[in-house]
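Report on the structure
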Amino acid sequence: MTRVWKWNRPVTVREVLEDLQRERSIAYTTVMTVLDNLHQKGWVRREAEGRAYRYEAVSTRAAYAAALMNDAWSHSDNPAAALVAFFGMMSDEQRRALRDAVRIAQGPETGDETGDTLSDTRAENPGSAQGDGGR
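These lines cover the structure that appears in this document, whether it is placed above or below. Each chain has its residues counted from 1, following the order in which its sequence is written. Only residues with pLDDT of at least 70 get local features here, since the model is predicted, and only at 80 or more are side-chain atom pairs given and counted; chain-wide, interface and lining totals rely on the full set of residues. Heavy atoms throughout the structure, all of them, feed into the side-chain values; hydrogens and water do not.

Quick notes on helix α6 (residues 92-106)
Secondary structure elements are defined from DSSP: runs of H or I of at least 4 residues count as helices, runs of E of at least 2 residues count as strands, and each element is numbered from the N terminus. Between the first and last residue of a helix there are one fewer steps than residues, each counted as 1.5 Å, and that sum is the expected span. For α6, which comprises 15 residues, the first-to-last C-alpha distance of 21 Å matches the rise-based estimate of 21 Å (1.5 Å per residue) to within 8%. Immediately downstream of α6, the backbone of glycine 107 shows phi near 80°, a positive value.

Written out as structure tokens, the structure reads:
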């Protein structure tokens, strides 16, 4: 999937093969099987072009990562605890990105008291979501 996302356009097995072969030896049939499996799972769509197929990602890498996180979180027996543990693993840069994402998801200020959830959490429980508490 990394190669398909990298090009952000429909790719052939041959293109992926040639790109991978710059790093390691790999067989054409291996790449073809992997792309076929990704198609079967619905991660890529394909369109015939002569005797070959062109494969294209169904969703972005970001959407795929979000789906994985949502799936993992929704299977937790304690989603709030899972989020707190996840926040504790984040770097400062990741927490800044999270705050930005929350602001974007909340939309323009509406005058309510939503505020900065992560900052509120740090104020109530220093070190739990800060990431620098003794590390």
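Anyway, onward from the coordinates.
Points about the layout of surface pockets
Here the term cavity refers to a set of points on a 1 Å grid, laid over the protein atoms alone, in which a 1.4 Å probe fits but cannot get out; the term pocket refers to an open set having protein on both sides within 12 Å along at least five of seven lines, with lining residues being those that place an atom within 4 Å of a point. Grid points are joined across faces, edges and corners, and a volume is the space filled by probe spheres set on the points. Taken as a whole, the second largest pocket encloses approximately 160 Å³ of empty space. Together, 13 residues line the second largest pocket, and Met1, Val16, Leu20, Val31 and Val34 are the ones closest to its centre. Listing elements by their share of the lining of the second largest pocket, those giving two or more residues are α1 (2-7), α2 (13-20) and α3 (28-40). Counting residues per element, the lining of the second largest pocket draws most heavily on α3, which supplies five residues.

What about the environment of threonine 60?
Tracing the backbone shows threonine 60 in the loop between β2 (52-57) and α4 (61-74). Burial classes: relative accessible area under 20% of the type maximum marks a residue as buried, over 50% as exposed, and values in between as partly exposed (1.4 Å probe, protein chains only). Under the relative-accessibility criterion, threonine 60 is labelled partly exposed at 48%. For the purposes of these results, a polar contact is taken to be a pair of N or O atoms within 3.5 Å, where, inside protein, one atom must be able to donate a hydrogen and its partner to accept one; residues adjacent in sequence count only when each atom of the pair is a side-chain atom. Among the polar contacts listed, one links the side chain of threonine 60 to the backbone nitrogen of alanine 63, at a separation of 3.0 Å.

Notes on the pairing of β2
The pairing of strand β1 (residues 44-49) with β2 spans six bridges and is classified as antiparallel. What sits directly across from glutamate 49, in β2, is alanine 52. Strands pair, by our definition, only if DSSP identifies at least two bridges between them. Taking the residues that link successive antiparallel strands as the turn, the β1-β2 hairpin has two residues, and the phi of glycine 50 there is positive, at about 70°.

Focus on the packing of aromatic side chains
Planes of paired rings set the category: under 30 degrees apart is stacked, over 60 is edge-to-face and the rest tilted, where pairs are Phe, Tyr or Trp rings (Trp by its six-membered ring) whose centres lie within 6.5 Å. Counted under the stated rule, the structure contains four aromatic pairs. When the centroid spacing of 6.4 Å and the interplanar angle of 45° are considered together, the rings of phenylalanine 86 and phenylalanine 87 count as tilted. An aromatic cluster is defined as three or more aromatic residues linked by ring pairs; in this entry it consists of Trp5, Trp43 and Tyr64. Two conditions define a charge located above a ring, namely a distance within 6 Å from the ring centre to NZ of Lys or CZ of Arg, and an angle within 35 degrees of the ring normal. Above the face of the tryptophan 43 ring, lysine 41 is positioned so that its terminal group lies 5.5 Å from the ring centre. The aromatic ring of tyrosine 53 is capped on one face by arginine 46, whose charged end is 4.1 Å from the ring centroid.

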